[in-house]
Amino acid sequence: MKSSEEEKDFTPSSKLVEMENGKVEEKVEKFVEPDTSVTIVQKRKFSFNAKIFVYYSFEILAVIFIIVMNVNGSLNNFQSLVELLPFLVASLALLIFTTYMFIFTLKPRQRFPAFVLRFIIIVSFIAVFVTTFLDNYPYYYNQFWNFLMTNLVLLYPLLSHSILQTYLVFSDKTTKELLFKKAVEGSPSELEWRRYDTLSGLISIVSGIFLLQMFWLIYHFIIRSIVILNTKRRLIIEHLDFNEETNLSTISLELGIPLEEVIFTLKQLQMRRKIKIDFTRYGAILKEIRTARLFTPAIDEKFEEFLKKQKMTEIERRASGFIEFTEREKVLDKDMRKLLGIKDKLSTSDFILMLPPKVATVRSPVFRKGIWIIFNREEILKKREKIIQVLVDNNDKIFN
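Since we're looking at a predicted model, the values are computed, not measured.

Rules of the game
Residues numbered from 1 in each chain as written. Predicted model: local features only at pLDDT ≥ 70, side-chain atom pairs only at ≥ 80, totals over all residues. Heavy atoms only, no water. Helix = DSSP H or I, 4+ residues; strand = E, 2+ residues; numbered from the N terminus. Buried < 20%, exposed > 50% of the residue type's maximum accessible area, 1.4 Å probe, protein only. Contact = heavy atoms within 4.5 Å. Areas by Shrake-Rupley, 256 points an atom, 1.4 Å probe, with all protein chains shown as cover. Pairing = 2+ DSSP bridges. Axes fitted to C-alpha atoms, helices over the stretch in contact; angles between N-to-C directions. Phe/Tyr/Trp six-rings, centres within 6.5 Å; stacked < 30°, edge-to-face > 60°. Lys NZ or Arg CZ within 6 Å of the ring centre and 35° of its normal. Parallel < 35°, antiparallel > 145°, perpendicular 65-115°, else oblique. Nonpolar A, V, L, I, M, F, W, Y, C, P; charged D, E, K, R; others polar.

> Help me understand the overall build of the chain in this model?
Scanning the chain for helices and strands turns up 19 helices and six strands. Looking at the 400 residues of the chain, the share that counts as buried comes to 35%. Partitioning the intrachain contacts of the chain with sequence separation of at least 6 by distance along the chain shows that 62% fall at a separation of at least 24. Accessible surface computed for the chain: about 26400 Å², of which carbon and sulfur atoms make up 61%.

Okay, here's the thing in structure tokens:
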């Protein structure tokens, strides 16, 4: 009872209250942090608006410069053309810069309005160009020639990368993802074909500068696709082993190619009779490659190893056959040569000398024809491994 009364009468000291308040304040200080998310969003929003503002401002400013240059009577003589040269240089620089921004700076969702604006400018520019051509030709030759030379220069940046810009408008990916892809670490196969995407990007830029975008279309959609397909086929086949089962899931993981694509590629090659392959429950066994183009250096090495294994297996089979043959303990020389396939050039005495000592002896009976070989079974069983090793190492000298 006393304890309950004491608890009721207990009043905390001022120091204890300050300590408790201090703890609470420390927790609040640790937990409550300045909210910077709003400022970050505002910065991002500002940079997004700034890029759009810069692009459209420069594009419209270039159009204004073009209109100023093509005012009636502004190109009557060479002197007026020289006076308008700063406008020509400025409009040319602005159009080239906005083309660069369209390709490398604008996001996918920002491309369509910019593309529509550029398309309207191109159509209007060509319409004015053709109208002026029809109105002035063949009259006022000097004025028309100045107009022609000036506007052809301006027509260049408008049409330079038009095909590339059209291609980018219909894609939801950035230019780096489409044309300048970097190989992803952990996927070795992408090192092989991502470089073709980078090469495609370089060709698109260079061909756009020289107004040769059709060459890029041919490369990107025809040549590049064929090369990447052949590269995938080569990598898949290089990961297979001759006459041995290979897990296709392992190949899929190592190359970064979907398992369905690996199986489809192998079946397609088999249907076209380029390879011969047996599919198992978990993988595939490569039996034969019928196309010389698929014999890459890596495949050649595997094929040579396969032939060596086959040859070694045959030699080991012959060596084991010799051990079984010695169970007879006594046999004619001609029978041994016939059954084991020993070369005629190799004499029997030389063959016996190649074997470990006390394994076999040669005898020529007085009252019997032929040469007899007598085997010591105890020594043969003791030195079985040495005998097989000798026969394997000297295979070319002993067997046919």
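Back to the write-up after that little detour.
> Would you mind showing me how to read the pairing of strand 3 (residues 283–289) here?
On any regular strand, side chains alternate: one points to one face of the sheet, the next to the other face. In terms of burial, strand 3 is largely enclosed, as five of its seven residues are buried. Sheet topology note: the strand 1 (residues 245–247)/strand 3 ladder contains three bridges and is antiparallel. Paired with Glu245 across the strands is Ile285, a residue of strand 3. Of the strand pairs in this sheet, strand 2 (residues 275–279) and strand 3 are connected by five bridges, and their pairing is antiparallel. Bridged to Ile275 within strand 3 is Ile289. Counting the residues in the hairpin turn of strand 2 and strand 3 gives three residues.

> It is not clear to me how the sheet that holds strand 5 (residues 360–363) should be interpreted in this structure. Could you clarify?
By definition, the strands of a sheet pair up through backbone hydrogen bonds, in either a parallel or an antiparallel sense. An order of 4-6-5 is seen for the three strands of this open sheet, with the pairing classed as antiparallel. The strands lining the two open edges of the sheet, one partner per strand, are strand 4 (330–332) and strand 5. Averaged over all pairs of adjacent strands, the angle between their axes in this sheet comes to 25 degrees, without regard to strand direction. The sheet contact formed by strand 5 and strand 6 (residues 372–375) spans four bridges and is antiparallel. If you follow Arg363 over to strand 6, its bridge partner there is Trp372.

> Is there a simple way to think about the sheet that holds strand 2 in this case?
In spatial order, the strands read 1-3-2; together these three strands make up an open sheet with antiparallel pairing. Both outer strands of the open sheet, strand 1 and strand 2, are each paired with one neighbouring strand and no more. Pairs of neighbouring strands in the sheet enclose a mean axial angle of 35 degrees, with direction left out of account.

> So what exactly am I meant to see when it comes to the environment of Leu240 here?
Secondary-structure assignment places Leu240 in the loop between helix 11 (213–238) and strand 1. For Leu240 and Gly283, which are 43 residues apart along the polypeptide, the C-alpha to C-alpha distance reads 9.6 Å.

> When you look at the packing of aromatic side chains in this model, what are you seeing that I'm missing?
How two aromatic rings sit relative to each other is given by the distance of their centres and the angle of their planes. The final tally for this structure, using the stated rule, is 15 aromatic pairs. A centroid spacing of 5.3 Å and a plane angle of 75 degrees characterise the contact between Tyr167 and Trp216, whose relative ring orientation is edge-to-face. In this pair, Tyr167 is assigned in helix 8 (residues 162–169) and Trp216 in helix 11, connecting sequence segments 49 residues apart. Seen in terms of ring centroids, Phe295 and Phe303 are 5.9 Å apart; in terms of plane orientation they differ by 80 degrees. Their pairing is edge-to-face. Overall, the relative accessible area of 27% leaves Phe295 in the partly exposed class. Classification of Phe303 as partly exposed rests on a relative accessible area of 29%. Sitting above the plane of the Phe279 ring, Lys267 keeps its charged end 5.8 Å from the centroid. The ring centre of Trp372 lies 5.0 Å from the NZ or CZ of Lys330, which sits over that ring.

> Honestly, the packing of helix 11 against helix 13 (residues 259–271) in this entry has me stumped. Any pointers?
Between two packed helices, what matters for the description is the angle formed by their axes and the separation of those axes. In contact at an axis separation of 10 Å, helix 11 and helix 13 are set at 95 degrees when each is read in the N-to-C sense. Judged by the angle between their axes, helix 11 and helix 13 are roughly perpendicular. Taken together, the residues of helix 13 that come into contact with helix 11 (itself represented by Lys232, Arg233, Ile236 and Ile237) are Glu261, Val262, Thr265, Leu266, Gln268 and Leu269. Across the contact of helix 11 with helix 13, the residue classes break down as five nonpolar, two polar and three charged.

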